[in-house]
Amino acid sequence: MNIIDKKPRETPANYFYGVNVNDKEAVKEEYEKLRKRHKVITIVVIIAIAVFGVILFDFCRVNFMGSKPLFAVSKKVERGTLFQGIGYKVLYCSNGERYLGSVLYKACDEIDERTFTNVVYEKFVNYSIDNKTLDKDSLKELTINNLDYDEDNEEGGSDYLLDITFTCEDDGNKCLKTEKEYYDPNNIKLIIRINRYNEIYSVVPFKTSGANYENLKKLYTDKAKEYMINNDLMDEDNTHSFSINLVENHGKYKFRGTTYADSYLAEINYNCNDHSNTCIKAIDDEDLEGDFSNLSFYMSVFIDEDDNVLLMGPKEYFEL
């Protein structure tokens with residue numbers, strides 16, 4: 001018999017992990033299954049690592065950096081807020097205290113206003129000395145008349161409106177420097193900004209946010225509207241809306257021989273019922289350009305000691 005006509009012998013099956021390695025199609029099919037499985041496992045592992053990383057980051061922020069939680073369930077409790085995250089519980093009290101760990105056994109104590117005021121007094125004096133705005137040796141007396149919560153700040157603490165009265169040894173007011181001039185230089189109001197560590201990090205006479213700002217805005221919107229109506233600058237029947245934003249505080253200001261207790265650069269916003277610009281008068285031509293149905297422009301506003309608006313004029317008044 002011719003050896004060329006002999007039928008070749010079949011290769012015996014060779015199974016490895018349940019797959020015949022001599023079957024190319026079976027091997028290829030199993031490889032695709034394994035490749036897809038590996039891709040899914042890789043994605044799941046990456047997601048798991050990312051989630052674990054976020055949880056670990058949040059845990060470190062709360063436990064070691066004193067920051068507020070990013071991912072936690074919050075619950076309002078008496079005089080505070082309880083946050084419960086993965087691996088921690090932290091209690092933030094409205095008096096600025098912070099309790100970590102055993103918060104289930106700790107409640108926020110009622111604020112002792114006298115104690116808190118004493119703490120603020122000490123910190124304000126030390127801050128002013130460190131920033132060279134207070135000459136302690138020349139200070140005769142300093143009293144905190146009022147301390148009102150304003151708003152939370154970006155440093156994890158709170159801002160407060162501080163109303164103080166002080167006298168210097170020479171009965172003047174030069175022992176305490178301020179950024180603006182006050183009508184009564186011995187009775188001033190300041191915004192103190194306290195961080196998460198209960199330290200004052202900034203003192204400003206004015207800022208454009210917070211409860212104090214909103215109260216001033218509402219007060220002077222009504223007062224400015226009254227002034228403009230009384231001075232024939234507003235057609236009240238044709239005015240749909242009127243409000244002001246206080247942009248800058250210039251403090252005590254002398255203009256054309258008259259000294260005003262306080263002054264502001266204000267942005268006036270108004271809207272007329274007839275969609276024109278006629279409900280408000282005495283506006284520069286450049287302010288009339290654009291959309292007449294929703295106008296805004298800047299004006300100077302001068303205040304007396306009783307918070308009445310005595311004069312409103314162009315913003316350029318502050319440059320004269």
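Residues numbered from 1 in each chain as written. Predicted model: local features only at pLDDT ≥ 70, side-chain atom pairs only at ≥ 80, totals over all residues. Heavy atoms only, no water.

**What to know about the pairing of strand 9 (residues 187–194)**
The element strand 9 is largely enclosed, with a buried count of six among its eight residues. Sheet topology places strand 8 (residues 158–168) next to strand 9; eight bridges connect them, and they run antiparallel. The residue of strand 9 that forms the bridge with Ser158 is Ile194. In this structure, strand 9 lies alongside strand 10 (residues 200–204), joined through four bridges in antiparallel fashion. Across the sheet, Ile191 pairs through a bridge with Val204, a residue of strand 10. (Buried < 20%, exposed > 50% of the residue type's maximum accessible area, 1.4 Å probe, protein only. Helix = DSSP H or I, 4+ residues; strand = E, 2+ residues; numbered from the N terminus. Pairing = 2+ DSSP bridges.)

**Some thoughts on the confidence of the model for the chain**
With 73% of its residues at a pLDDT of 70 or more, the chain shows a mean pLDDT of 81. Low pLDDT, under 50, characterises residues 285–293; the stretch is placed with nine contacts to residues that sit more than four places away or in other chains. (pLDDT = per-residue confidence, 0-100. Contact = heavy atoms within 4.5 Å.)

**Structural notes on the sheet that holds strand 16 (residues 309–314)**
Pairing is antiparallel in the open sheet, where four strands are placed in the order 11-14-15-16. Looking along the sheet, the strands with just one partner apiece sit at the ends: strand 11 (239–249) and strand 16. Strand-to-strand twist of the sheet, defined as the mean angle between neighbouring strand axes without regard to direction, takes the value 35°. Against the sheet, helix 3 (residues 211–230) engages strand 11, strand 14 (262–272), strand 15 (295–303) and strand 16, with an angle of about 125° to strand 11. (Axes fitted to C-alpha atoms, helices over the stretch in contact; angles between N-to-C directions.)

**Quick word on the pattern of salt bridges**
Per the counting criterion, the structure on display carries 12 salt bridges. When the shortest N-O distance is used, the salt bridge between Lys207 and Glu151 registers 2.5 Å. Linking Lys207 in the loop between strand 10 and helix 3 with Glu151 in strand 7 (residues 139–152), this pair joins segments that are 56 residues apart in sequence. Judged by its relative accessible area of 13%, Lys207 is buried. In this structure, Lys218 engages Asp222 in a salt bridge whose closest nitrogen and oxygen atoms are separated by 3.8 Å. Residue Lys218 and its partner Asp222 are both found in helix 3; the two are separated by four residues, about one turn of the helix. Accessibility expressed as a relative area gives 44% for Asp222, which makes it partly exposed. A network of salt bridges, in which partner residues are shared, links Asp150, Glu151, Glu154, Asp159, Arg193 and Lys207. (Salt bridge = Lys/Arg side-chain N within 4 Å of Asp/Glu carboxyl O.)

**Observations concerning helix 3**
For helix 3, which comprises 20 residues, the first-to-last C-alpha distance of 29 Å matches the rise-based estimate of 28 Å (1.5 Å per residue) to within 8%. Among the residues of helix 3, Tyr213, Leu216, Tyr220, Thr221, Ala224, Tyr227 and Met228 are the ones counted as buried. Within helix 3, the buried residues cover an arc of 140° as seen down the axis, which keeps them to one side. Facing away from the buried side of helix 3, by more than 90 degrees, are the exposed residues Asn215, Lys218 and Asn230. Where helix 3 is buried, its residues touch strand 11, strand 14, strand 15 and strand 16. Looking one or two places after helix 3, you find Asp232, whose phi comes out positive at around 55°. (Expected span 1.5 Å × (residues − 1). Arc of directions from axis to C-beta.)

**Overview of the sheet that holds strand 7**
A sheet is described by the order of its strands in space; here four strands give the open sequence 7-8-9-10, paired in antiparallel fashion. Strands at the two margins of the open sheet, each flanked by one partner only, are strand 7 and strand 10. Averaged over all pairs of adjacent strands, the angle between strand axes in this sheet comes to 30°, irrespective of strand direction. For strand 7 and strand 8, the ladder comprises 11 bridges, and the chain directions are antiparallel. Bridging across to strand 8, Leu139 finds its partner in Cys168.

**Comments concerning unusual backbone geometry**
A positive phi angle is found at Arg256, which is not glycine, with a value near 50°. By the element assignment, Arg256 lies in the loop between strand 12 (253–255) and strand 13 (258–260). Look at Asp307: it is not a glycine, yet its phi comes out positive at around 70°. Inspection of the secondary structure puts Asp307 in the loop between strand 15 and strand 16. On the accessibility criterion, Asp307 (34% relative accessible area) is partly exposed.

**Side note on the state of the cysteines**
Considering all chains together, one arrives at two disulfides under this definition. The disulfide partner of Cys168 is Cys175, and the gap between their sulfur atoms is 2.0 Å. The sign of the -80° torsion about the S-S bond sets the Cys168-Cys175 disulfide as left-handed. The residues Cys168 and Cys175 share a single accessibility class, namely buried. Cys272 shares a disulfide with Cys279; S-S distance 1.9 Å. Measuring handedness by torsion sign, the sulfur bridge of Cys272 and Cys279 sits at about -80° and is left-handed. Like Cys272, the residue Cys279 is buried in the burial classification. (Disulfide = S-S within 2.5 Å.)

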